[in-house]
Amino acid sequence: MNIKYNSEGLIPAIIQDAITKNVLMLGYMDEEAFKKTQETKKVTFFSRSKQRLWTKGEESGNFLNLVDIKVDCDNDTLLIQAHPVGPTCHKGSDTCWDEKNSTNFGFISKLEQTILERRTHSKPEDSYVASLFAKGINKLAQKVGEEAVEVIIEAKDDNDELFLNESADLLFHYLMLLQAKGFKLEDIETVLKNREKK
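Figured I'd write up the structure that's included with this text. (Residues numbered from 1 in each chain as written. Predicted model: local features only at pLDDT ≥ 70, side-chain atom pairs only at ≥ 80, totals over all residues. Heavy atoms only, no water.)

Here's the deal with helix α5 (residues 160-180)
Part 1 of the argument: In this model, α5 (21 residues) spans 30 Å end to end at C-alpha, consistent with the 30 Å of a helix rising 1.5 Å per residue.
Part 2 of the argument: Burial in α5 covers these residues: Glu166, His173, Leu175, Met176, Leu177, Leu178 and Gln179.
Part 3 of the argument: Buried residues in α5 make contact with α2 (107-121), α3 (128-135), α4 (137-155) and α6 (185-195).
Part 4 of the argument: For α5, the N-terminal capping position is held by asparagine 159, with its side-chain oxygen 3.1 Å away from the main-chain nitrogen of glutamate 161. (Helix = DSSP H or I, 4+ residues; strand = E, 2+ residues; numbered from the N terminus. Expected span 1.5 Å × (residues − 1). Buried < 20%, exposed > 50% of the residue type's maximum accessible area, 1.4 Å probe, protein only. Contact = heavy atoms within 4.5 Å. Polar contact = N/O pair within 3.5 Å; in protein donor to acceptor, adjacent residues only side chain to side chain.)

Structure, rendered in structure tokens:
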């Protein structure tokens, strides 16, 4: 790996959770810290304030277990994927930006939040989502079943647009059913991860 260290002999290292893909922190490595990280599989930095090597978690136990190291296109920044053990920030938060290190499904996570807001803050007469929740779990479950059947029917035809639209309807109603049961898509992800063969 061709690495370009700066004039102080350091290279910035962006630390990313290998699973959630969230950025956890930024640190600096010198050549010795880089080698120690590779050897021990524990992310190690060069502390500019202490002027010494510093393995993340050496005092707190909140290690960053190495998964992968990549160097950017200019060879002057590292992207390190790791499994964090506990919070990453020394102030006790998951990330150094005081963010929760939870799985984010992009637009789907935003949609889950919209469903929650409509469920809790909208009147049934003003919101389709609120009206379905007001009808109870049986109606939501029935709606998911209906949408699933429509997906199956469209899968057997050649109209891709209809198939995708029915698939979107199914996912939308399934997200509502999950919330009605007190769950989120993240909980399903956990079940699938637990089924993954090691």
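Focus on the packing of α3 against α4
Part 1 of the argument: Two elements in contact, α3 and α4, have axes separated by 5 Å at closest approach and are oriented at 120 degrees. Touching Tyr128, Leu132, Phe133 and Lys135 of α3 are Lys139, Leu140 and Lys143, all from α4.
Part 2 of the argument: In terms of residue class, the contact of α3 with α4 is built from four nonpolar, no polar and three charged. (Axes fitted to C-alpha atoms, helices over the stretch in contact; angles between N-to-C directions. Nonpolar A, V, L, I, M, F, W, Y, C, P; charged D, E, K, R; others polar.)

Considering the side chain of threonine 88
Part 1 of the argument: Its location among the elements puts threonine 88 in the loop between β6 (78-84) and α2.
Part 2 of the argument: Judged by relative accessible area, which is 3%, threonine 88 ranks as buried.
Part 3 of the argument: Those residues in contact with threonine 88 that lie beyond four places of it in its chain are Leu24, Met25, Lys56, Leu64, Ser93 and Asp94.

Thoughts on the layout of surface pockets
Part 1 of the argument: Each pocket or cavity is described by its volume, and for the largest pocket that value is around 480 Å³.
Part 2 of the argument: Every residue lining the largest pocket is counted, 24 residues in all, and those nearest its centre are Met25, Trp54, Lys56, Thr88 and His90.
Part 3 of the argument: Every element with two or more residues in the lining of the largest pocket is listed here: β2 (23-29), β3 (44-47) and β4 (52-55).
Part 4 of the argument: In terms of residue count, the dominant contributor to the lining of the largest pocket is β2 (four residues).
Part 5 of the argument: Across the lining of the largest pocket, the residue classes tally to 10 nonpolar, nine polar and five charged.
Part 6 of the argument: By volume, the second largest pocket is sized at about 150 Å³.
Part 7 of the argument: The wall of the second largest pocket is formed by Ser102, Thr103, Asn104, Phe105, Ser109, Glu112, Gln113, Lys184 and Glu186. (1 Å grid on protein atoms, 1.4 Å probe; cavity = no way out; pocket = protein on both sides within 12 Å on 5 of 7 lines; lining within 4 Å. Points joined across faces, edges and corners; volume = space filled by probe spheres on them.)

Considering α2
Part 1 of the argument: Between its terminal C-alpha atoms α2 stretches 21 Å, which fits the 21 Å expected from 15 residues at 1.5 Å a residue.
Part 2 of the argument: Among the residues making up α2, those that are buried are Ser109, Leu111, Glu112 and Ile115. Taken down its axis, α2 places every buried residue within 160 degrees of arc, on the same side. Along α2, the residues that are exposed and aim more than 90 degrees away from the buried face are Phe107, Lys110 and His121.
Part 3 of the argument: Each element contacted by the buried residues of α2 is listed here: α3, α5 and α6. (Arc of directions from axis to C-beta.)

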